Amino acid sequence: MTGRPEVPHISLNDGHSIPQLGFGVWQIDDLKAPEIVGTAIDAGYRLIDTATDYGNEAGVGRTLKGTAVPRNQLHVTTKLWNDSQGYDQTLRAFEASAAKLGLDVIDLYLIHWPCPQRAAYVDTWRAFIELRKQGRVRSIGVSNFTTDNLERIIGDTGVVPAVNQIELHPGFQQRTLREAHERYGIVTEAWSPLGQGRGLADPALKAIADRHGRTQAQVVLRWHIENGFVAIPKSATPARIVENIDVFSFALTKEDHATIAGLDRADGRIGPDPTSFGRERFLRRLVGRFSRSWI
Ligand SMILES: NC(=O)c1ccc[n+]([C@@H]2O[C@H](COP(=O)([O-])OP(=O)(O)OC[C@H]3O[C@@H](n4cnc5c(N)ncnc54)[C@H](OP(=O)(O)O)[C@@H]3O)[C@@H](O)[C@H]2O)c1
């Protein structure tokens, strides 16, 4: 690769924009974050995707403090964890995240999971709207929301999320949900864009990669870019960090797209199902609380 790649930006429905390729930091240890995220910033990544649940907001904050890249060139996402849902809890959790990150303003704040069993995501969304009104966050969005969840918050508040960050990779392409995003003007952001590395050895992907003189990971990331998604691959390996952003000087053919479309699987989900995720932990805590109050 020659020089640092220019990552295109995508317009959001609120007048702001977001880099189309970013760096995901799930499973990066807080203490190692400055070194690894620093490598990513040096390689040209300007979008960093963290979350309260990842336990590394402070490490990301130390990286941001130490970098020579100006704040206005960096785009920082964090996410509200499930046990902080609810209006007041959300406002408090936001302050804690902002303090750890060392930022007054966060570029994109996401509700991490809908957790429908808590029946709190609409109130949480109202708090997000308030945070945006106060200028503490530039853009507000959601993650792992189904079409029903999206329609509920839009119907109840009139505010459309800028982004829905969902599991999305060639093995799990989420076409129906993406159609809903298009109807409402919501940007699709892909988590686990490489399918956590599973499926990269697929012979069809290998054939495409060989033809372009690229790696399978680069082909998959290029597929995300050409589909208009935002992708946030994670790697703790310096060579892969550089490899994953070097996807702006080749293009897939129509045939490549048709081949990758054929890799979609109805049972291709790797992560949890958003319609039930969080239920077990939530029920355990509820039972715990009641049993304590009975004693
Ligand atoms: N909103 C949500 O609920 C949610 C859920 C999951 C993830 N996310 C976000 O999405 C980000 C990415 O997802 P992810 O970490 O689950 O999966 P991913 O980015 O699809 O894959 C990461 C895995 O692939 C490996 N890898 C990276 N680049 C590679 C390459 N060029 N060749 C071969 N293997 C490669 C990495 O290994 P090494 O690190 O060893 O290089 C790591 O094991 C997360 O970090 C997080 O920010 C959000």
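Keep in mind that what you see is a predicted model, and the values were worked out from it rather than measured. Numbering of residues starts from 1 in every chain and runs along the sequence as written. Totals for whole chains, interfaces and linings use every residue, but because this is a predicted model, local features are given only for residues with pLDDT of at least 70 and side-chain atom pairs only at 80 or more, for both listing and counting. Excluded from the side-chain calculation are hydrogens and water; included are all heavy atoms of the structure.

Draft legend 1. Spatial organisation of the side chain of Asn 144. Tracing the chain through its elements places Asn 144 in the loop between strand E7 (137-143) and helix H5 (147-157). You can call Asn 144 buried: its relative accessible area is 4%. The contact criterion used is simple: two residues touch if any of their non-hydrogen atoms lie within 4.5 Å. If we ignore the near neighbours within four places in the chain, the residues touching Asn 144 are His 112, Trp 113, Pro 114, Asn 149, Asn 164, Gln 165, Ile 166, Glu 167, Trp 191 and Pro 274. Per the convention used, a helix needs a DSSP run of H or I reaching at least four residues, while a strand needs a run of E reaching at least two, with both numbered from the N terminus. For each residue, the accessible area found with a 1.4 Å probe, counting protein chains only, is set against the maximum for its type, and the residue is called buried under 20%, exposed over 50%, and partly exposed in between.

Draft legend 2. Spatial organisation of the packing of aromatic side chains. The pairing test for Phe, Tyr and Trp rings, Trp by its six-membered ring, is centres within 6.5 Å, and the orientation test on the planes gives stacked under 30 degrees, edge-to-face over 60, and tilted for anything in between. Under the criterion given, the structure shown has 9 aromatic pairs. Ring plane angle 70° and centroid distance 5.2 Å describe the contact between Phe 94 and Tyr 109, whose orientation is recorded as edge-to-face. Residue Phe 94 is located in helix H3 (residues 87-101), and its partner Tyr 109 is located in strand E6 (residues 106-111); the two are separated by 15 residues in the primary sequence. As far as the burial class goes, Phe 94 and Tyr 109 line up, both buried. Taking 5.3 Å as the distance between ring centres and 70° as the angle between the ring planes, the aromatic pair formed by Tyr 121 and Phe 145 counts as edge-to-face.

Draft legend 3. Structural view of the site of the ligand. Near is defined per residue: the residue qualifies when any heavy atom it owns lies within 4 Å of the molecule or strand. If you check the shell around the ligand, you find 29 residues, and the closest are Asp 49, Ser 192, Lys 234, Ser 235 and Thr 237. Polar contacts, as used here, are pairs of N or O atoms within 3.5 Å; protein pairs need one atom able to donate a hydrogen and one able to accept it. Residues neighboring in sequence count only if both atoms are side-chain atoms. Taking Trp 26, its main chain carries an N or O atom lying 3.0 Å from an oxygen atom of the ligand. Asn 244 places a polar side-chain atom, nitrogen or oxygen, 2.9 Å from a nitrogen atom of the ligand. Under the convention used here, a 1.4 Å probe and the Shrake-Rupley method define accessible areas, while residue burial counts only the protein chains that appear. Notes on the ligand: free accessible area 900 Å², of which the protein chains cover 87%. Its atoms largely coinciding with the cavity grid, the ligand occupies the largest pocket. Per-element accounting of the shell around the ligand gives the leading share, 3 residues, to helix H9 (residues 238-245). For the shell around the ligand, the residue count by class is 12 nonpolar, 12 polar and 5 charged. The pocket and cavity definitions rest on a 1 Å grid over protein atoms only: a 1.4 Å probe that fits but cannot leave marks a cavity, an open set with protein on both sides within 12 Å along at least five of seven lines marks a pocket, and residues lining either have an atom within 4 Å of a point. Assignment of a molecule to a cavity or pocket requires that more than half of its atoms lie within 2 Å of the corresponding grid points. Classification used: nonpolar for Ala, Val, Leu, Ile, Met, Phe, Trp, Tyr, Cys and Pro, charged for Asp, Glu, Lys and Arg, polar for all others including Gly.

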